[in-house]
Every structure is written in C-alpha cells, then in structure tokens.
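Notes for the structure review
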Amino acid sequence: PAPNPDYPQTINTVTGRQVVTISDGGSQSQEYEVNLGKNLLSSNSLAVTTNNGITFTPFYEDGRLLYIIANGTATANASYSIGDISVETGKAYTISGSENGSGSTYRIWGNSSTAFPSGNRLVSENGATTRIATADETFSPYIQVLSGTTVNNIRFYPQIELGSTATTYAPYISHFGKNLLDIQ
C-alpha cells in the first residue's frame, strides 16, 4: 500500500541519473532518462562565443557539459551566459565552479536583483558561496572575466545545487530525458 497514516513507510530518495520505464500495461513500454541529480544549472546547449576579447568554449560529452574554457584578454568586462535556473524563496543554494578567481579577475556570477539582491549575490570566485534565495525567480547566471584580465585555458565547472555544501562537479541532466528505445 502507498504511504499514508494507516500504513507508514520509509521513503528513500535517490539522486543521479536514472532510467524510468513507462508501460501501457501491455506490449508497449518506453524508457526515459531523468535527472535526479544535484546540478540545477541547465548548461547543455551553449556555443563557442567571443565577448570583449574573451573566447568561451564549452566542452561536452554525451550532450552534457563537462567544462567551459576561457581564453584571451578582456578589453571590457566579458560575460558568458551559462544557462537558466529557477530558485525558491527561503532555500539555500550553493554556486561553485570557479577556482583561483577573485572579484577583480574572473568568477561565476549568479546576478539576480530579486532572489539574490546586493549584498546577497550568488558568486563563485575562488571556491563556493552559499546564499538563501529571497524570492522565487528564474534567472541566467554567467561567467564574467573582468576588464584587463588575461586568461589562458581557465576551466570553469559551473554548478548550482541545493544546500550549503559544495560537492564535486556533476553535469546537469535533463529532467525530461530522452527516448532510449525509440518506440513510437
């Protein structure tokens, strides 16, 4: 029986990439790949872009973002949008993926005037930062290389996850998955 007050049961949560099978109860079934993963930042359709002297190059494997490399000298602040994320009021989010940066060189910047207003910015400069969202919002974080900074093969591993602990990078996996069996 399903969990309810008359039949209490422990509910176990799984994370990571899972395959779910949906069946009509007869001969037709369909498998879908779903995201039960930790990285909430959808960055799976980025293109090579040059902005203000910096070339940002995403690298993929099996359609999933592995990392982004930045090269060049910024003639002005150079920005590169890295996907979209929806956040909820009162929840803690941790951003990571920029190592050895600073507020004057480069960073991953979750700039949102509503969910993360001034003084509460979601930013990864040299490690990770955790902030509590102050509003429900969907916004687009970006990588930023500040004016005058030269970067040579700097790798970014953009990740935003729930909670206050940064974990090892994992690519975003689509919630909607793909048709693995190609059943029509």
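Let me sum up the structure you'll find in this document. (Residues numbered from 1 in each chain as written. Predicted model: local features only at pLDDT ≥ 70, side-chain atom pairs only at ≥ 80, totals over all residues. Heavy atoms only, no water.)

**Regarding the overall build of the protein chain**
Stated precisely, the cut-off is as follows: We count a stretch as a helix when DSSP gives it H or I for four or more residues in a row; a strand needs E for two or more, and each element gets its number in order from the N terminus. Residue exposure (1.4 Å probe, protein chains only): buried if accessible area is under 20% of the type maximum, exposed if over 50%, otherwise partly exposed. For this analysis, residues touch if any pair of their heavy atoms sits within 4.5 Å. Methods summary: accessible areas were calculated by the Shrake-Rupley approach with a probe of 1.4 Å, and residue burial reflects only the protein chains presented.
Tallying secondary structure elements over the protein chain gives zero helices and 15 strands in all. Here the protein chain holds 184 residues, and 35% of them are scored as buried. Across the protein chain, the fraction of contacts at a sequence separation of at least 24, relative to all contacts at a separation of at least 6, is 65%. With an accessible surface of roughly 9,900 Å², the protein chain has 49% of that area assigned to carbon and sulfur atoms.

**What about the pattern of salt bridges?**
Two side chains bearing opposite charge may form a pair once their charged atoms approach each other closely. Put simply, the rule is: Basic side-chain nitrogens of Lys or Arg form a salt bridge, by our definition, when they fall within 4 Å of a carboxyl oxygen of Asp or Glu.
Throughout the structure, instances matching the rule amount to two salt bridges. The shortest N-O distance in the salt bridge between E88 and K91 comes to 3.4 Å. Residue K91 is classed as partly exposed on the basis of its relative accessible area of 33%. Where R107 meets E125, a salt bridge forms, and the shortest distance between an N and an O atom there is 3.4 Å. Placement of the pair is R107 in strand β9 (residues 106-110) and E125 in the loop between β10 (122-124) and β11 (127-132), with a sequence separation of 18 residues. Exposure remark for R107: the relative accessible area of 12% places this residue in the buried category.

**Examining the sheet that holds strand β15 (residues 159-162)**
As a reminder, the rule being used: The rule for pairing is simple: two strands pair if DSSP sees at least two bridges between them. Between N-to-C directions, angles cover 0 to 180 degrees, with each direction set by a line fitted to C-alpha atoms, over the stretch in contact for helices.
Strand order in this open sheet of three strands is β11-β8-β15, and the pairing throughout is antiparallel. At either margin of the open sheet sits one strand with a lone partner, and together these are β11 and β15. Taking the axes of each pair of neighbouring strands and ignoring which way they run, one obtains an average angle of 20° across the sheet. Taken together, the five bridges between strand β8 (residues 92-98) and β11 define a ladder with antiparallel strand orientation. Bridging from a neighbouring strand, T94 pairs with T130 of β11.

**Re the packing of aromatic side chains**
This is how the line gets drawn: Stacked, edge-to-face and tilted labels apply to pairs of Phe, Tyr and Trp rings (six-membered ring for Trp) whose centres lie within 6.5 Å, assigned for plane angles under 30 degrees, over 60, and everything in between, in that order. Working rule: Lys NZ or Arg CZ, within 6 Å of ring centre, within 35 degrees of ring normal, means a charge sits over the ring.
This model, assessed by the stated rule, comprises seven aromatic pairs. Through a chain of ring-to-ring contacts, the aromatic side chains of F59, Y67, Y157 and Y169 assemble into a single cluster. The ring of W109 has R107 sitting right over it, with the charged end atom 4.0 Å from the ring centre. Here R155 stacks its cationic end above the ring of Y67, 4.0 Å away from the centre of that ring.

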